[in-house]
Every structure is written in structure tokens, then in C-alpha cells.
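Structural description and commentary
The lines below spell out each chain.
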Amino acid sequence: MPTEVPLLEVQDLEVHFPIRAGVFKRQVGAVKAVDGVSFTLSRGETLSLVGESGCGKSTTGLALMGLVQPTGGRVRFEGREIEGFSRGAVKQYRRRMQIVFQDPFSSLNPRHKVKDIIRAPLDVHKVGTPAEREARVAELMQRVGLRPDQADNYPHQFSGGQRQRIGIARALALNPDVIVCDEPVSALDVSVQAQILNLLMDLQRDLGVSYLSVSHDLGVVEHISSRVAVMYLGRIVEIGTKEQLFSGALHPYTELLMRSAPSLDPRKRHTFSTSSDDIPSATNRPTGCAFHKRCPLATELCRTSDPALTRRGDADHRVACHHR
Ligand SMILES: Nc1ncnc2c1ncn2[C@@H]1O[C@H](COP(=O)(O)OP(=O)(O)OP(=O)(O)O)[C@@H](O)[C@H]1O
């Protein structure tokens with residue numbers, strides 16, 4: 001039986017930022033923000049990237065959008081390689097990949113009317129006649145829960161949640177296959193977060209769009225994800241279905257994250273914190289397993305040998321740990 005080609009296939013993605021110093025700005029090192037990340041995304045699913053601040057979640061999303069330059073790896077869209085992210089290829093690919101940013105205010109031009117903001121992608125890609133574009137804007141506004149009489153308003157006239165609805169309408173304008181959601185609700189009041197998450201899920205159900213979600217909030221992750229990938233210092237250390245990760249986490253780092261009690265209930269919510277003073281960083285990746293300095297299971301093997309992400313059990317659950 002032929003296996004279905006994933007919508008998006010990311011293989012060994014790398015984004016290394018140079019560190020320069022001295023009068024001649026010579027490169028003295030690199031921030032290995034993303035250091036060999038591989039995953040697939042299927043049609044209509046939500047894959048969430050989770051992990052502590054600085055683990056490379058956002059950079060992964062931005063690299064897939066072509067907003068930062070990958071330094072290595074391959075990306076295939078419907079089986080076709082986005083070769084070297086050339087300009088022509090990126091234009092086509094970006095039509096089908098859109099992004100919703102964390103802060104809806106700074107991502108919307110304050111001098112543009114809402115109807116112009118939502119119409120902008122249609123103008124850039126020259127989709128339809130002016131009348132068709134106007135009709136599409138009205139349809140999108142209605143789809144995300146904005147009123148038609150708000151079309152001539154400016155972003156400052158909207159609440160945070162409404163501004164995120166504008167950002168979502170703009171992302172939907174070109175009927176994308178994938179939307180990268182970079183912390184889509186973390187700038188919003190808790191009372192509004194669930195409304196926006198439910199809107200994203202309704203849109204997925206109705207339109208079949210896939211989400212690559214970037215979040216440090218496990219309550220959000222549990223609410224919206226089909227699958228979850230846990231990142232640590234630029235690499236995936238565990239990936240599986242939501243159920244596998246939330247009920248049967250194997251990697252000691254995932255366990256550490258899960259102990260932070262994921263919940264949408266603000267009284268129960270807190271994001272995980274790091275306890276050690278000796279936190280390794282993306283500029284200074286430890287040898288062996290990068291987590292070994294914080295890991296209760298660490299042995300000599302972990303200090304010297306980097307564990308590969310390998311399959312556990314029957315389903316697609318992968319873990320990078322010598323002891324699990
Ligand atoms: N343009 C850049 N130049 C240099 N280093 C960068 C750049 N962008 C990100 N980094 C570094 O790359 C690493 C990963 O950053 P990234 O923002 O992807 O992490 P993150 O997991 O999304 O964290 P957060 O949740 O805080 O956004 C960090 O060490 C960050 O400082």
C-alpha cells in the first residue's frame with residue numbers, strides 16, 4: 001500500500017547564527033538555535049513545538065516561513081523539495097504557508113484599515129479582481145468573528161483578541177495549507193485565550209488547515225495539539241501524539257516539563273522554570289546528551305554519547321535518551 005506523502009517534511013533543519021567579535025567582526029562561534037530538527041506535518045493536524053525559552057521553537061517556525069535563513073537541512077512540501085529556498089520557490093511556498101504572530105498589535109500596521117490589512121496578501125499575490133478581493137475580505141472577517149462595519153477601523157480601535165482575529169483573517173486570505181502559530185495567544189488575557197484557540201480549531205475542522213504551533217504554555221499545547229515535539233537546545237528530544245506525551249512521556253526532560261501541571265485554568269497555570277544554575281546554552285552545547293547536566297538518570301554514557309531520536313513501541317513515538 002502506498003504511504004501518504006506528508007504535507008510538510010523537515011529533515012535535519014539547522015539555523016546557526018554567527019557570533020562575531022573584535023574590530024574585524026570575525027566569527028568566534030555560533031548560536032546553534034536549531035541544530036538538526038526533523039519532523040513531518042500531515043494535512044489537518046496540529047504539531048506543537050514546546051520547550052523552554054531559547055530552545056529554538058520560534059526559529060524553527062521562522063525558518064520554515066523563510067523569515068530566517070536556514071544554514072542546513074531540507075524541507076519538502078507535498079514531496080517537493082524547496083530547493084535552497086530560492087526566491088521563486090519561496091513565493092509559491094509562502095502562499096501556502098502563513099504565520100500568525102504572538103503580538104497582534106506589533107504585527108498589524110497601525111496606519112492601515114483592517115480591510116486593507118486583510119486584503120494585503122491578495123494584493124501581493126494579485127488574486128482576483130478588486131471586487132472579488134473586497135468580497136473575500138468581507139467573507140474572512142465574518143469567518144473570524146469580526147463585524148462588516150469594522151472594516152474601516154484601525155488596529156488600535158480593537159481589543160487584543162479582536163486584533164488576533166484580524167491576524168488570523170490575514171493569514172487565511174490565500175487559503176494556506178499550513179499556518180505557523182507562534183505563541184498565538186500568549187499576549188492575550190486568559191479569558192480571551194480560549195476563544196481564539198477555539199476559533200483556530202474550528203477553522204481547522206472546516207478548512208483542513210494544518211498548524212505548526214510554537215508554545216511554551218502546556219495548557220495551550222494540550223488543548224490544540226494532535227502531536228507534540230519537545231525541543232531542548234535546538235533539537236527534538238521526544239515526539240509523539242498528544243496522548244503519548246501527556247500520559248506516557250519517556251524523556252526525563254519531557255517529564256520535567258509535564259510536572260509543571262498543564263492547565264488552561266489560570267489558578268493552576270505556571271510555566272516550567274529551570275532550577276539549575278548551570279544551564280547549558282545554544283552557544284555552549286554540552287558533549288553527549290545535551291540534557292545530562294540536569295538529568296537524574298545521567299550516567300557516563302550520557303556524558304560522552306549523544307543519543308539519537310529513535311522509535312519506541314508501535315506507534316510513532318520517538319525519544320532521544322539512552323535510558324528510556
Ligand atoms: N537573530 C538571531 N541572532 C542570534 N541569535 C538568535 C537570533 N534569533 C534567535 N537567537 C538565539 O537562538 C536561540 C533560540 O531562540 P528562539 O527564539 O528560537 O527560542 P524559543 O524557544 O522560541 O524561545 P522563546 O520562547 O523565548 O521565544 C536563543 O539562544 C536565541 O537567543
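Being a predicted model, the structure only gives us computed values, none of them experimental.

Rules of the game
Residues numbered from 1 in each chain as written. Predicted model: local features only at pLDDT ≥ 70, side-chain atom pairs only at ≥ 80, totals over all residues. Helix = DSSP H or I, 4+ residues; strand = E, 2+ residues; numbered from the N terminus. Rg over C-alpha atoms; globule rule 2.2 N^0.38 Å. Buried ≥ 20, exposed ≤ 12 C-beta atoms within 10 Å, placed from the backbone. pLDDT = per-residue confidence, 0-100. Contact = placed C-beta atoms within 7 Å. Pairing = 2+ DSSP bridges. Near = placed C-beta within 6 Å. Nonpolar A, V, L, I, M, F, W, Y, C, P; charged D, E, K, R; others polar. Expected span 1.5 Å × (residues − 1). Axes fitted to C-alpha atoms, helices over the stretch in contact; angles between N-to-C directions.

Let's talk about the overall build of the chain
Check the secondary structure of the chain and you find ten helices and twelve strands. Here the chain has a C-alpha radius of gyration of 21 Å; the compact-globule value for 324 residues is 20 Å, and the two agree. Each principal axis of the C-alpha atoms in the chain carries an extent, and together these give about 65 × 55 × 50 Å. Expressed as a percentage of the 324 residues in the chain, the buried residues total 41%.

Overview of the confidence of the model for the chain
Caution applies to low-pLDDT regions: their predicted coordinates should not be interpreted in detail. In the predicted model, the chain carries a mean pLDDT of 89, and 91% of its residues have values of at least 70. Ignoring residues within four places in sequence, the model shows residues 262–277, a span with pLDDT below 50, making 25 contacts including any to other chains. Interface predicted TM-score (ipTM) for the complex: 0.97; the corresponding pTM is 0.91.

Looking at the sheet that holds strand 5 (residues 80–81)
Ordered by their spatial adjacency, four strands build an open sheet running 2-1-4-5, and the pairing between neighbours is antiparallel. Strands with a single pairing partner mark the edges of an open sheet, and in this sheet they are strand 2 (26–41) and strand 5.

Some thoughts on the site of the ligand
Around the ligand, 13 residues are found, and the nearest of them are F17, A33, S53, S58 and T59. Only strand 2 and helix 1 (57–64) provide two or more residues apiece to the shell around the ligand. Each residue belonging to the shell around the ligand can be placed in one class, and the counts come to five nonpolar, seven polar and one charged.

Let's talk about helix 5 (residues 160–172)
The terminal C-alpha atoms of helix 5, which comprises 13 residues, lie 19 Å apart, in line with the 18 Å expected from a rise of 1.5 Å per residue. Counting buried positions along helix 5 yields eleven of 13 residues, so the element is predominantly enclosed. Turning to helix 5, its buried residues number three or more, namely Q162, R163, Q164, R165, I166, G167, I168, A169, R170, A171 and L172. Lining the buried residues of helix 5 we find strand 6 (97–100), helix 3 (114–124), helix 4 (130–143), strand 7 (178–182) and helix 6 (190–207).

Observations regarding the sheet that holds strand 6
Strand order in the open sheet formed by eight strands is 6-7-8-3-9-10-12-11, and the pairing between neighbours is mixed. The sheet is open, and its two edges are formed by strand 6 and strand 11 (310–312), each paired on a single side. Going across the sheet, the axis of each strand differs from the next one's by a mean of 25°, ignoring polarity. Alignment of strand 9 (residues 227–232) against strand 10 (residues 235–241), held across six bridges, turns out to be antiparallel. When the bridges of strand 10 are listed, V228 appears paired with G240.

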